[in-house]
Structures are given as C-alpha cells and as structure tokens.
Amino acid sequence: MKSHSRFISFTYSVLRFILRPIIITIWVKEVTGVKNIPKTGGAIVALNHQSFLDFFAFAVVAPRGTHFLSAEKFFKKGLWKWLMILTGQIKVERNADDKSGVHSLVKKHIENGDLVGIFPEGTRSHLKDEMLKAFTGIAKYALEHRVPIIPVGIKGAHEIHSKESKRVKFIKTLEVHIGTPLHFPNHWEHHSDKEARTYVTEKAIKQIERLSGKRYPHYELKHDE
C-alpha cells in the first residue's frame, strides 16, 4: 500500500511538473491564498465548479497533491482514465446505492494526512453567475473525520470552457482564490445530524460564494455575516 502511495505521489508530481507551466502561462491570471493550505494534515478542499479546468487549475497551483472525488465516466475514457489513475483520484459511481467504498477511500486519505477535493455542487454549473444547490458531503467528511474545510473560489473558468462549450478558449483567463480553513469543532459530535451538515456546508459555500463571485441562491438556514 505504501509503495502504491509513493508511486501515485511520484506520477502526480511528474504530471503536475509538465502541466503547470502550460496551464499557468495560458489561463491562470491570478492566484491568492496559497498559504492558506496547511503544509501537513488532512483537509477537505471545496470548490465551485463550472469547467473541466477547475480541477487542473487548482491542481497546478496547490503546493500539495489533491485527491478529488471524480465521476465514474472519467475512469472510462482513454486519456482521462489514465490521468485519474496516475494521480490517485477517487472514483464515484454516482448512481450506486452503496458508496461505502468512496467513504473508505476518503477516510484512508484523510488519515494519511492528504487533501481531498470535492465540488459540492456535484457537477458543473451551466450558469455563468450562479452555483447549483450543494450536497452536504463536504460537511459529512469534515465533521466525521474532524478536519477543516478549505474554501476555494474559481473565477473565469466558465468563459474559458463552459458545460455547453465544445471548444476551449485561449484568450480568456481565470483566477484561483483560496480561503482560510474553516474549523467546526462544536459540530464534530453531530456529524450525522442533517441540520449540522447543512449548517457547515452553507458556511463553506458562503465563503466560496465570496471568493468566486458566484451567487448561491439556495440557502436553507439563516447565517450571520
């Protein structure tokens, strides 16, 4: 298992080394808050999602490798399949009733001190200025494993390659803004409680909303500013 982890770490680093100068040079205009990513320890990274570039943009600017929850379809296509495997991404069978395998992998990565990346919206938003309603998985994992949530807002990815686009634009740029880690120790004991998960999710989304400039019209609970 350790040799497998070392292999994934190696291939991730190699691919990042190759892709970083390309993506940074062509698309990434601004990056803020990199120092907000802890140097060690497990955490959940939560990002807004409008484009395939979201994954690449964060992966090349983050100082640590990230294991994203990724839809099963990406493990079935040639280049995508090998990219997912060689960088240790976590396959999610979205229509499966039993997701214990996903939960087990997330637990393993967090206990190993890794970053786990999640797009709370579950899929790319087709809306330019709005986020889709978020699932509460980020809260489930953060509370259950007692780790922080790092909110990340990405601006401009929709203009480069939206869900409806067939072509990637090379004259547009994006920004990656990484927020301060959010800690919720008062809610650790209530990790199975629906309202606690909703509260924590919406607290994180509020920061993603601020960092990304995308509106979130789906709040269920009242939150103090």
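These numbers come from a predicted model, not from an experiment.

1. A word on the overall build of the chain
At step 1: A tally of helices and strands in the chain yields 7 helices and 7 strands.
At step 2: Each helix and strand of the chain, placed in order from N terminus to C terminus, yields the pattern α-β-β-α-β-α-β-α-β-α-β-α-β-α.
At step 3: Whereas a compact globule of 225 residues would reach a radius of gyration of roughly 17 Å, the chain reaches 17 Å, a difference of no more than 12%.
At step 4: Over its C-alpha atoms, taken along the principal directions, the chain stretches across nearly 45 × 45 × 35 Å.
At step 5: The 225 residues of the chain split such that 47% are buried.
At step 6: If you take every contact in the chain between residues at least 6 apart in sequence, the share linking residues at least 24 apart comes to 71%.

2. A word on the pattern of salt bridges
At step 1: Scanning the entire structure with this criterion turns up 8 salt bridges.
At step 2: In this structure, lysine 107 and glutamate 111 form a salt bridge, with 2.6 Å as the shortest nitrogen-oxygen distance. Here glutamate 111 and lysine 107 lie together in helix H4 (residues 100-111), a separation of 4 residues that amounts to about one turn.
At step 3: On the basis of relative accessibility, which here comes to 37%, the residue lysine 107 falls in the partly exposed class.

3. Looking at the packing of aromatic side chains
At step 1: All told, the structure shown has 10 aromatic pairs when counted by the stated rule.
At step 2: The structure contains a cluster of three or more aromatic residues connected by ring pairs, namely Phe52, Phe55, Phe56, Phe58, Phe68, Phe74, Trp80 and Phe119.

4. Here we look at the environment of glutamate 144
At step 1: Relative to the assigned elements, glutamate 144 resides in helix H5 (residues 137-144).
At step 2: The class of glutamate 144 is partly exposed, set by a relative accessible area of 33%.
At step 3: Considering only alpha carbons, one finds glutamate 144 and histidine 191, 47 residues apart in sequence, at a separation of 5.4 Å.
At step 4: Aside from chain neighbours lying at most four places away, what touches glutamate 144 is Ala139 and His191.

5. Re the sheet that holds strand E6 (residues 149-155)
At step 1: Spatially, the 7 strands line up as an open sheet ordered E1-E7-E6-E2-E5-E3-E4, and their pairing is mixed. Of all strands in the sheet, those bounded by a partner on one side alone are strand E1 (28-32) and strand E4 (90-92). Averaged over all adjacent pairs, the angle separating strand axes in this sheet is 20°, with direction ignored.
At step 2: Summarising the sheet, strand E3 (residues 66-71) and strand E5 (residues 115-118) pair through 3 bridges and their orientation is parallel.

6. Details of a nonpolar patch on the surface
At step 1: Taken together, the side chains of Phe10, Val14, Phe17, Ile18, Ile22, Ile26, Val168 and Phe170 define a hydrophobic patch exposed on the protein surface, amounting to about 770 Å² of accessible area.
At step 2: Within the fold, phenylalanine 17 resides in helix H1 (residues 2-26).
At step 3: Using a relative accessible area of 68% as the deciding quantity, one classes phenylalanine 17 as exposed.

7. Section: helix H2 (residues 53-61)
At step 1: Burial analysis of H2 places 9 of its 9 residues in the buried class, which makes it a mostly covered element.
At step 2: If you check which residues of H2 are buried, you get Leu53, Asp54, Phe55, Phe56, Ala57, Phe58, Ala59, Val60 and Val61.

8. Some remarks on the pairing of strand E2 (residues 43-47)
At step 1: The element E2 is extensively covered by neighbouring structure, given that 5 of its 5 residues are classed as buried.
At step 2: Both faces of E2 are covered, namely the face carrying Ala43, Val45 and Leu47 and the face carrying Ile44 and Ala46.
At step 3: As paired elements, E2 and E5 share 4 bridges and run parallel to each other. Looking at E5, one finds that alanine 46 is bridged to isoleucine 118.
At step 4: Bridging between E2 and E6 involves 4 bridges; their strand directions are parallel.

9. Concerning the side chain of serine 70
At step 1: Note that serine 70 resides in strand E3.
At step 2: Judged by relative accessible area, which is 8%, serine 70 ranks as buried.
At step 3: Once residues within four sequence positions are removed from consideration, serine 70 is found in contact with Phe75, Met84, Gln89, Ile90, Lys91 and Val92.

10. Concerning the nonpolar core
At step 1: Leu47, Phe58, Val152, Leu174 and Val176 are the most contacted members of the largest nonpolar core, which has 31 residues in total.
At step 2: Elements represented by at least two residues in this core include exactly E2, H2, E3, helix H3 (78-86), E6, helix H6 (157-160) and strand E7 (174-178).
At step 3: Contacts of leucine 174, omitting those with residues within four sequence positions, involve Trp27, Val28, Lys29, Glu30, Leu53, Ala57, Lys155, Gly156, Ala157 and Ile160.
At step 4: Counting 25 residues, the second largest nonpolar core, distinct from the first, contains Ala46, Val116, Ile118 and Ile205.

Thresholds, definitions, all that
Starting afresh in each chain, residues are numbered from 1 along the sequence in its written order. Only residues with pLDDT of at least 70 get local features here, since the model is predicted, and only at 80 or more are side-chain atom pairs given and counted; chain-wide, interface and lining totals rely on the full set of residues. Processing note: side-chain calculations cover all non-hydrogen atoms of the structure and skip hydrogens and water entirely. Comment: elements are numbered from the N terminus, with helices defined as DSSP H or I runs of at least four residues and strands as E runs of at least two. All radius of gyration figures rest on C-alpha atoms, and the globule criterion is 2.2 Å times the number of residues raised to 0.38. Classification of residues uses two cut-offs on accessible area relative to the type maximum, computed with a 1.4 Å probe and protein chains only: under 20% is buried, over 50% is exposed, and between them is partly exposed. We call two residues contacting when some pair of their heavy atoms lies within 4.5 Å. By salt bridge we mean one thing: a side-chain nitrogen of Lys or Arg within 4 Å of a carboxyl oxygen of Asp or Glu. Note on aromatic contacts: the rings of Phe and Tyr and the six-membered ring of Trp form a pair at centre separations within 6.5 Å, being stacked when their planes are under 30 degrees apart, edge-to-face when over 60 apart, and tilted otherwise. Strands are labelled as partners when DSSP assigns at least two bridges between them. Where helices are involved, their axes are fitted lines through C-alpha atoms of the stretch in contact, as for all axes, and angles between N-to-C directions lie from 0 to 180°. In this analysis, a patch consists of residues with relative accessible area above 30% that form no salt bridge, clustered at 9 Å for like charges and at 5 Å for the nonpolar side chains Val, Leu, Ile, Met, Phe, Trp and Tyr. Every accessible area reported is derived by Shrake-Rupley at a probe size of 1.4 Å, with residue values counting cover from the shown protein chains alone. Joining through side-chain atoms within 4.5 Å is the link that ties buried Ala, Val, Leu, Ile, Met, Phe, Trp, Tyr and Cys residues into a set, and such a set is a nonpolar core.

Distances and angles like these do not, on their own, reveal function.
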